[in-house]
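A structural walkthrough
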Amino acid sequence: MHPIFTSIAIAGPETVLTLGSLAALMLGTFTHPAKAVTTTSLFAVAILALAGFTLLDAPAASVWAFDGLYIADAFAAFLKVVILVAAAASVLLALPWLQGRDEDGALRGRFEYPVLMLLATLGLTIMVSANDLLTLYIGLELAALPSYVLAAFARGDSRSAEAGLKYFVLGALASGILLYGITLIYGFSGSTQFDAIAAVVSAQSERSLGLMFGIVFILAGLAFKVSAVPFHMWTPDVYEGAPTPVAAFFSAAPKVAALGLMARVLIVAFPGQAAADWQQILIFIAISSMVLGAVAAVAQSNFKRLLAYSSIANIGFALVGLTPGTPQGITALLFYSVVYAAMTLGSFLVLLQLRRPDGAPVEAMADLAGLSKTQPKLALAMAVFMFSLAGIPPLLGFWPKFAVFQAAIAADLLALAIIGFIASVVAAFYYLRIIKIMYADEPGVVLASEGSAVNGAMIAGAALFCSPIGMLAITPLVAAATTAAAALFPNYIPAG
């Protein structure tokens with residue numbers, strides 16, 4: 001078989017998503033406008049499922065494609081499953097919103113929405129399989145460009161247009177910073193492939209100032225993508241202004257992909273002495289994100305902004321697992337990514353399922369007052385997500401936090417773990433405040449349920465997963481995460 005066809009076969013998920021997005025575009029174009037949104041959305045979910053199906057025969061060992069630009073291994077396969085599931089859930093949860101109408105009576109949704117979601121997901125899957133700085137950049141931009149459009153998708157809402165513009169301007173700045181870091185790394189190592197860069201870095205007897213600056217700029221660009229401090233400023237505004245289904249997508253799949261990409265770049269391309277340099281940077285980013293996310297969220301009155309600051313804090317907790325650069329830490333990072341995606345998507349799902357008496361979406365935290373009396377099932381689900389995000393045992397959200405702190409302590413980063421623990425205690429305040437508002441306050445407005453059976457089923461599934469019942473999934477999840485983490489450490493043999 002010709003090498004290009006072999007490479008296309010290895011990149012099965014990307015091949016399916018590429019062809020599927022083009023087919024979805026044609027399907028939406030030639031379908032009656034009244035049915036185009038629903039038909040294209042369901043087709044997009046089928047394409048995402050088919051892309052996941054191609055991962056069933058994923059290679060056990062690392063396999064390279066496209067002359068080493070792309071790598072398929074257990075690490076990429078694990079992250080792609082999470083990304084595809086989160087993307088499919090994001091397409092489905094958006095259907096009730098897309099089928100609604102604006103104040104002028106025009107249909108709110110357009111079939112381009114699921115097409116853009118497919119293209120963004122394609123970029124995310126490329127990111128986690130990148131074995132070259134250029135592939136990394138292509139994946140990032142392919143995910144970012146549709147995301148800018150999605151953030152501004154509600155054309156009749158000035159806040160959405162503002163969110164899209166802010167995201168685009170700051171994203172372009174971050175891309176420029178990232179590209180400058182890539183040029184520095186290429187200039188001082190002579191290659192853009194991770195393995196070749198690692199060979200140059202390992203052979204150096206003294207620290208290279210040029211390489212160190214390159215690492216700083218690359219981390220700055222990637223920190224923007226995961227909304228880590230000090231490159232977090234876009235997150236609250238974009239979460240608040242973007243349509244709620246879009247904010248739900250931003251909170252899950254792109255975060256998982258960017259964390260996986262960051263892990264692969266740092267672990268594979270910059271080992272040895274360079275690891276000590278990026279570890280110091282990650283310590284600063286992790287501490288800053290945890291502290292700012294925990295403290296700034298306390299003053300929020302808008303629920304979407306609160307979840308934005310919550311995501312900043314949770315990225316900090318996830319980076320605690322990445323900072324040691326050990327197999328145990330990467331396993332904890334992957335475990336954290338899965339549970340966080342479920343918790344945050346569940347929270348947005350409950351928010352999407354609620355409507356004010358005038359039909360307007362629910363965004364203010366005060367609107368949730370007395371929800372336990374008017375919508376007890378949704379209040380219970382939201383309580384589960386909030387308790388889990390706070391890391392209250394025995395809910396599932398406690399265990400990945402415990403795992404990342406344990407990995408930090410095992411790597412002699414005790415101070416980092418202690419600061420993380422303190423930040424999680426502070427963050428618990430605003431999660432518990434939501435529960436207090438729902439169960440202790442008197443209802444201000446009577447909220448109605450959207451009545452979507454699909455969203456209701458996803459809420460129930462996510463709530464069960466985040467509840468103590470979810471502990472049954474810990475063993476298989478950690479086992480899969482351990483196998484995935486081992487792919488980044490060729491000489492590491494997982495215990496058991």
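Residues numbered from 1 in each chain as written. Predicted model: local features only at pLDDT ≥ 70, side-chain atom pairs only at ≥ 80, totals over all residues. Heavy atoms only, no water.

Considerations on the overall build of the chain
- Of the regular secondary structure elements, the chain holds 20 helices and four strands.
- Over its C-alpha trace the chain gives a radius of gyration of 22 Å, about what one expects of a compact globule, namely 23 Å for 496 residues.
- Structurally, the chain occupies a C-alpha span of about 70 × 55 × 45 Å along its principal axes.
- Burial status across the chain gives 58% buried among its 496 residues.
- Taking the contacts inside the chain whose residues are at least 6 apart along the sequence as the reference set, 80% of them involve residues at least 24 apart.
- Roughly 18700 Å² of accessible area belongs to the chain as shown, and the carbon and sulfur atoms make up 71% of that amount.
- For the chain, the separation between the mean place of its 21 positive charges and that of its 24 negative charges on side chains is 8 Å. (Helix = DSSP H or I, 4+ residues; strand = E, 2+ residues; numbered from the N terminus. Rg over C-alpha atoms; globule rule 2.2 N^0.38 Å. Buried < 20%, exposed > 50% of the residue type's maximum accessible area, 1.4 Å probe, protein only. Contact = heavy atoms within 4.5 Å. Areas by Shrake-Rupley, 256 points an atom, 1.4 Å probe, with all protein chains shown as cover. Lys, Arg positive; Asp, Glu negative; His and termini not counted. Charge placed at Lys NZ, Arg CZ, Asp CG, Glu CD.)

What about the packing of helix α4 (residues 74-98) against helix α14 (residues 327-353)?
- Two elements in contact, α4 and α14, have axes whose closest approach is 11 Å; the angle formed by their N-to-C orientations is 0°. Classified by the interaxial angle, the pair formed by α4 and α14 is roughly parallel. Here α4 contributes Phe 75, Phe 78, Leu 79, Val 82, Ala 86, Ala 89, Ser 90 and Leu 93 to the contact with α14, which in turn contributes Ile 330, Leu 334, Val 338, Ala 341, Leu 345, Leu 349 and Leu 352.
- Taken together, the residues of the contact of α4 with α14 sort by class into 14 nonpolar, one polar and no charged. (Axes fitted to C-alpha atoms, helices over the stretch in contact; angles between N-to-C directions. Parallel < 35°, antiparallel > 145°, perpendicular 65-115°, else oblique. Nonpolar A, V, L, I, M, F, W, Y, C, P; charged D, E, K, R; others polar.)

Some words on the nonpolar core
- Among the nonpolar cores identified, the biggest contains 180 residues, and Phe 270, Leu 319, Ile 330 and Leu 368 are the most heavily contacted of them.
- If one sorts the elements of this core by residue count, helix α11 (residues 244-269) sits on top with 19 residues.
- Discounting chain neighbours no more than four positions away, the residues touching Ile 330 are Phe 75, Ala 263, Ile 267, Gly 321, Leu 322, Ala 485, Leu 488 and Phe 489. (Core = buried A, V, L, I, M, F, W, Y, C linked by side-chain atoms within 4.5 Å.)

Looking at the confidence of the model for the chain
- On average, the chain scores 87 in pLDDT, and the residues at 70 or more come to 95%.
- No element of the chain has a lower mean pLDDT than strand β4 (residues 448-449), which averages 70, and none a higher one than helix α5 (residues 112-128), which averages 93. (pLDDT = per-residue confidence, 0-100.)

Looking at helix α2 (residues 12-29)
- Spanning 18 residues, α2 covers 26 Å between terminal C-alpha atoms, matching the ideal 26 Å at 1.5 Å per step.
- Against α1 (3-10), α3 (33-53), β2 (70-72), α4 and α5 lie the buried residues of α2. (Expected span 1.5 Å × (residues − 1).)

Considerations on the environment of Val 298
- Examined against the element boundaries, Val 298 turns out to sit in the loop between α12 (273-296) and α13 (303-322).
- Those residues in contact with Val 298, other than ones at most four positions away along the chain, are Phe 429, Tyr 430 and Arg 433.

Comments concerning the packing of helix α7 (residues 158-189) against helix α10 (residues 234-241)
- Put simply, α7 and α10 touch, their axes get as near as 8 Å, and they point 150° apart. Crossing of α7 against α10: the hand is left-handed. Here Arg 159, Ser 160, Ala 163, Lys 166, Tyr 167 and Leu 170 of α7 come into contact with α10, specifically with Trp 234, Asp 237, Val 238, Glu 240 and Gly 241.
- Of the residues belonging to the contact of α7 with α10, the class tally is five nonpolar, two polar and four charged. (Left-handed = near helix turned anticlockwise from the far one by under 90°.)

Some points on the side chain of Lys 304
- Turning to its location among the elements, Lys 304 is positioned in helix α13.
- Of note is the side chain of Lys 304, whose polar atom sits 2.8 Å from the backbone oxygen of Ala 242.
- Reaching out from Lys 304, the side chain makes a polar contact with the side chain of Thr 244 at a distance of 3.4 Å. (Polar contact = N/O pair within 3.5 Å; in protein donor to acceptor, adjacent residues only side chain to side chain.)

Quick notes on the packing of aromatic side chains
- Across all of its chains, the model carries 15 aromatic pairs by this definition.
- Between Phe 66 and Tyr 70, the aromatic rings sit 6.2 Å apart at their centres with planes inclined by 85°, giving edge-to-face as the arrangement.
- Pairing Tyr 148 with Tyr 167 gives two aromatic rings, centres 5.1 Å apart and planes at 85°, and the pair type is edge-to-face. Linking Tyr 148 in helix α6 (residues 133-151) with Tyr 167 in helix α7, this pair joins segments that are 19 residues apart in sequence.
- Under the relative-accessibility criterion, Tyr 148 is labelled buried at 8%. (Phe/Tyr/Trp six-rings, centres within 6.5 Å; stacked < 30°, edge-to-face > 60°.)

Observations regarding the pattern of salt bridges
- One pass over the structure, following the stated rule, counts nine salt bridges.
- Note that Lys 166 is salt-bridged to Asp 237, the shortest N-O span being 3.0 Å. Here Asp 237 lies in helix α10 and Lys 166 lies in helix α7, a separation of 71 residues in the sequence.
- A relative accessible area of 27% means that Asp 237 is categorised as partly exposed.
- Its salt-bridge partner being Arg 305, residue Glu 240 comes within 2.9 Å of it at the nearest N-O pair. Note that Glu 240 is positioned in helix α10 and Arg 305 in helix α13, a separation of 65 residues in sequence.
- One connected set of salt bridges, linked through shared partners, spans Arg 159, Glu 162, Lys 166, Asp 237, Glu 240, Lys 304, Arg 305 and Glu 363. (Salt bridge = Lys/Arg side-chain N within 4 Å of Asp/Glu carboxyl O.)

Here we look at a nonpolar patch on the surface
- Together, Val 291, Val 295, Ile 409, Leu 414, Ile 418, Phe 421, Ile 422, Val 425 and Val 426 make up a nonpolar patch on the protein surface, roughly 790 Å² of accessible area in all.
- For the nonpolar patch, the elements supplying multiple residues, two or more each, are α12 and α18 (414-440).
- The greatest single-element share of the nonpolar patch, amounting to six residues, is contributed by α18.
- Mapped onto the elements, Ile 418 comes out in helix α18. (Patch = residues over 30% accessible without salt bridge, like charges linked within 9 Å, V, L, I, M, F, W, Y side chains within 5 Å.)

A word on helix α8 (residues 194-203)
- Those residues of α8 that sit buried are Phe 194, Ile 197, Ala 198 and Val 201. Taken around the axis of α8, the buried residues stretch over an arc of 100°, which confines them to a single face.
- As for α8, its buried residues are in contact with α6, α7, α9 (209-225), α11 and α12. (Arc of directions from axis to C-beta.)

Observations regarding the side chain of Arg 355
- Structurally, Arg 355 is set in strand β3 (residues 354-355).
- Polar contacts involving the side chain of Arg 355 include one to the main-chain carbonyl oxygen of Leu 352, which spans 3.4 Å.

Regarding the environment of Ala 152
- Secondary-structure assignment places Ala 152 in the loop between α6 and α7.
- Here the alpha-carbon distance between Ala 152 and Thr 331, two residues 179 residues apart in the chain, equals 36 Å.
- Dropping the residues within four chain positions of it, Ala 152 is found in contact with Ser 160, Ala 161 and Gly 164.

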